[in-house]
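# Breakdown of the fold
Each chain is listed here by its residues.
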Protein chains: 2
Amino acid sequence: MPPKQGRATPLDRTAVLAEAVVLADEGGLAAISMRALAARLGVVPMALYKHVADRADLVGGMIDTVVQTYPTPDDDGWQARVRARALAARDAQEQHPWMRAAIDEAERPTLTTLAYMDAVAADFIDDGFSVDLTHYAMHALGHRIWGYSTEAFRSAPAGADDEAAAAMLAAQFPHVASIAMDTAMRNPAGACDERHEFAFGLDLLLDAFARLREAGWVSAVPDASLSRPASPST
Amino acid sequence: MPPKQGRATPLDRTAVLAEAVVLADEGGLAAISMRALAARLGVVPMALYKHVADRADLVGGMIDTVVQTYPTPDDDGWQARVRARALAARDAQEQHPWMRAAIDEAERPTLTTLAYMDAVAADFIDDGFSVDLTHYAMHALGHRIWGYSTEAFRSAPAGADDEAAAAMLAAQFPHVASIAMDTAMRNPAGACDERHEFAFGLDLLLDAFARLREAGWVSAVPDASLSRPASPST
DNA sequence: ACCTGAACACCGTTCAAGT
DNA sequence: ACCTGAACACCGTTCAAGT
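What comes next is a walk through the structure. None of these values were measured; they are calculated from a predicted model.

## Quick look at the protein's contact with DNA strand D
Residue and element names in this part refer to chain A. Residues in close proximity to DNA strand D total 14 residues, the closest being S33, M34, R35, M46 and Y49. Each atom of DNA strand D within 4 Å of the protein was classed as base or backbone; sugar and phosphate made up 47%. In the environment of DNA strand D, a phosphate oxygen lies 2.9 Å from a nitrogen or oxygen atom belonging to the backbone of M34. Between a phosphate oxygen of DNA strand D and a side-chain N or O atom of Y49, the distance comes to 2.9 Å. The residue makeup of the surface near DNA strand D, split by class, is 8 nonpolar, 2 polar and 4 charged.

Here you go:
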């Protein structure tokens, strides 16, 4: 083992962030603590504060580290470009499942994430989309731009482990059960093809954007049917 | 002050969850700790463990408490019903902003959340949608079903506080800046109408689902252009 | 310039004990 | 049946000190 006098090579921000990404890949965002990360780096917890401002800065830097690897598409046309970006981001995110929670935890974009959003906006605008429609399209894309559409729950509920309990749940929630059965029938593995489903929703939105653009869509004042009721009850 | 002998009325699970919802409404999910919640209830932390199994069970119970208030739509037709559900959920969620993080933190659905998803699935299936298309439609709706579409960042980046810094950012990220300017021009308040944008994306998806249904859509094996490249590099 | 040590004010959760 | 007290193994972060 190396002598315990500090470290072989002095730390820098890049090394701290790289090790944090590895640690999160292994144990999720919950495994990221200043103390655990410091231990991995063979350093006392407070040494990290020379390289990151605090935990929020650490997590922001981890996001940046991954977003910087998102490739720039060489496709022509907004649709192919945005599609390639979202799918590439989704693939990168599959290797770093903590990204979803990290982006939710971060409250403000960094310069790196802003640059990424600017690049997505450029794909629309530089291809002739109005700024107005680009704005709305990006809102509609939501987290799909970052590579995922944040499904609410990925696994079965607790207590569906034995067959009897599963049958009771199926009787209680027949529509959900019929979806699960239909999926099992169509796919021998019995599982969703998440990538396919992701692309399905993505393409629906992209096709809709194309139609709106053709029709010269302009954002409108919300109509009355959309307004919140004046009083919550009655 | 009341005498400190336990409490005036004994705790039960409903009272614990109700106080937790109030505490989270005030301080966000970060304010929810067993110790802080116990203090609010005038009780020692460990007393809570008689009513909730652990912190995950507490957060799950909080989600259930809110989801139970989501109204059942009385509209006819799948589109009006799903639309009403998603918008009502969105309004409820505006009062409980911690719901987004809580649902992300929860890994498995509870019976209450399963029942809600079953009701959404029923809106499609009972109106003649195939189970297959219902499945894909619900994936495409993603978190919109829960009342929101999880925007990545809501606020400006750090360091955009003075005018000079803001101008520098605008020059650096011109497409994002043009969206912000366009919005400011169209809306005197300079802010997004989040509810309107939410409905925009929602309606795009709903209209697309209607068209697919009409066309007799059936899920297909992913085509080659969708497959992940065999090797990540080269 | 970079790292350390002690300290402060927090966490969730277990266990054995009280009433 | 419900609540308590002490304890254990953790957190992020500040401050003053070391090399």
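## Thoughts on the relation of the copies chain B and chain A
The two copies are related by a screw operation: chain B maps onto chain A through 180 degrees of rotation and 0.0 Å of translation along the axis, at an RMSD of 0.0 Å. Both copies of the chain, as the preceding transformation shows, are related through a two-fold rotation axis. No C-alpha of chain B approaches the rotation axis more nearly than that of B:L205, which lies at 3.2 Å.

## Looking at the pattern of salt bridges
Residue and element names in this part refer to chain A. What the rule picks out here adds up to 22 salt bridges over all chains. In this structure, E19 and R40 form a salt bridge, with 2.9 Å as the shortest nitrogen-oxygen distance. Taken as a pair, E19 in helix α1 (residues 13-27) and R40 in helix α2 (residues 34-40) lie far apart in primary sequence, 21 residues in all. In this structure, R83 engages D203 in a salt bridge whose closest nitrogen and oxygen atoms are separated by 2.8 Å. One end of the pair, R83, is in helix α4 (residues 78-95); the other, D203, is in helix α10 (residues 194-214), and 120 residues separate them in sequence. Its relative accessible area of 18% is what places R83 among the buried residues. Overall, the relative accessible area of 22% leaves D203 in the partly exposed class.

## Let's talk about the interface of chain B and chain A
Tallying the contact residues gives 79 residues for chain B and 79 residues for chain A. Taking both partners together, chain B and chain A bury about 6800 Å²; carbon and sulfur atoms supply 63% of that area. With a closest N to O distance of 3.3 Å, B:D104 and A:R100 form a salt bridge. Where chain B packs against chain A, one counts 18 residue pairs in polar contact (both at pLDDT 80 or more). Of all the secondary-structure elements, those providing two or more residues to the side of chain B that touches chain A are α4 (78-95), α5 (99-105), α6 (111-125), α7 (131-141), α9 (174-186) and α10 (194-214) of chain B. Here the side of chain B that touches chain A gets 12 residues from one element, more than from any other, and that element is α10(B). Split by residue class, the side of chain B that touches chain A holds 42 nonpolar, 16 polar and 21 charged.

## Structural notes on the environment of B:P174
Inspection of the secondary structure puts B:P174 in helix α9. Put simply, B:P174 and B:R55 are 119 residues apart on the chain and 44 Å apart in space, counted from C-alpha to C-alpha.

## A few points about the protein's contact with DNA strand C
Residues and elements named next belong to chain B. Around DNA strand C, the structure places 15 residues, and the nearest of them are S33, M34, R35, M46 and Y49. Sugar plus phosphate, as a fraction of atoms of DNA strand C within 4 Å of the protein: 47%. Within the side chain of S33, an N or O atom sits 3.4 Å from a phosphate oxygen of DNA strand C. Grouping the amino acids of the surface near DNA strand C by side-chain chemistry returns 9 nonpolar, 2 polar and 4 charged.

Cut-offs and rules
- Residues numbered from 1 in each chain as written.
- Chains lettered and ligands numbered in written order.
- Predicted model: local features only at pLDDT ≥ 70, side-chain atom pairs only at ≥ 80, totals over all residues.
- Heavy atoms only, no water.
- Near = heavy atom within 4 Å.
- Polar contact = N/O pair within 3.5 Å; in protein donor to acceptor, adjacent residues only side chain to side chain.
- Nonpolar A, V, L, I, M, F, W, Y, C, P; charged D, E, K, R; others polar.
- Least-squares fit on C-alpha atoms with pLDDT ≥ 70 in both.
- Salt bridge = Lys/Arg side-chain N within 4 Å of Asp/Glu carboxyl O.
- Helix = DSSP H or I, 4+ residues; strand = E, 2+ residues; numbered from the N terminus.
- Buried < 20%, exposed > 50% of the residue type's maximum accessible area, 1.4 Å probe, protein only.
- Contact = heavy atoms within 4.5 Å.
- Buried area = accessible area lost by both parts, 1.4 Å probe.

Fair warning: the whole summary comes from geometry, so function is off the table for now.
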